[in-house]
Amino acid sequence: MSQDFDRRMLEALVCPVTQATLSYDAERQELISRAAHLAFPIRDGIPIMLPDEARETR
């Protein structure tokens, strides 16, 4: 069962690659780093902030 992502967490999180701010994509359950062109998955309400787990968005 998937839990909702706590949007307040977004204020504290930055891209681990560029330190840039992230955008929340509710439909895909991802945090998007436009600067790094990466999408970090959110699984069971927990953002997975590992570059190896991220999807390229180019």
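Described in the following lines is the structure provided in the data block. Note that this is a predicted model, so its numbers are computed, not measured.

## Concerning the nonpolar core
If you look at the biggest cluster of nonpolar residues, it comprises 12 residues: Phe5, Leu10, Cys15, Leu22, Tyr24, Leu31, Ala36, Leu38, Phe40, Ile42, Met49 and Ala54. The greatest single-element share of this core, amounting to three residues, is contributed by strand β3 (residues 38-43). Those residues in contact with Phe40, other than ones at most four positions away along the chain, are Cys15, Pro16, Gln29, Glu30, Leu31, Ser33, Ile48, Met49, Leu50, Pro51 and Ala54.

## What about the environment of Val17?
Considering the arrangement of structural elements, one finds Val17 in the segment before β1 (23-25). Among the residues examined, Val17 registers a relative accessible area of 47% and is labelled partly exposed. Measuring from C-alpha to C-alpha, the distance between Val17 and Arg7 comes to 21 Å, with 10 residues separating the pair along the chain. Those residues within four positions of Val17 in sequence are excluded, and the remaining contacts are Ala36, Leu38 and Pro51.

Conventions and cut-offs
For every chain, the first residue of its written sequence is number 1, and the numbers climb from 1 along that sequence. The predicted origin of the model limits local features to residues at a pLDDT of at least 70 and limits the giving and counting of side-chain atom pairs to 80 or more, whereas totals for whole chains, interfaces and linings rest on all residues. Hydrogens and waters are ignored; side-chain quantities use all the structure's heavy atoms. In this text, buried Ala, Val, Leu, Ile, Met, Phe, Trp, Tyr and Cys residues form a nonpolar core when linked through side-chain atoms within 4.5 Å. The cut-offs for exposure are 20% and 50% of the maximum accessible area for each residue type, with area from a 1.4 Å probe on protein chains only; residues under the lower value are buried, those over the upper are exposed, and the others partly exposed. The helix and strand labels rest on DSSP assignments: H or I over at least four residues marks a helix, E over at least two residues marks a strand, and numbering proceeds from the N terminus. Any pair of residues with heavy atoms lying within 4.5 Å of one another is described as a contacting pair.

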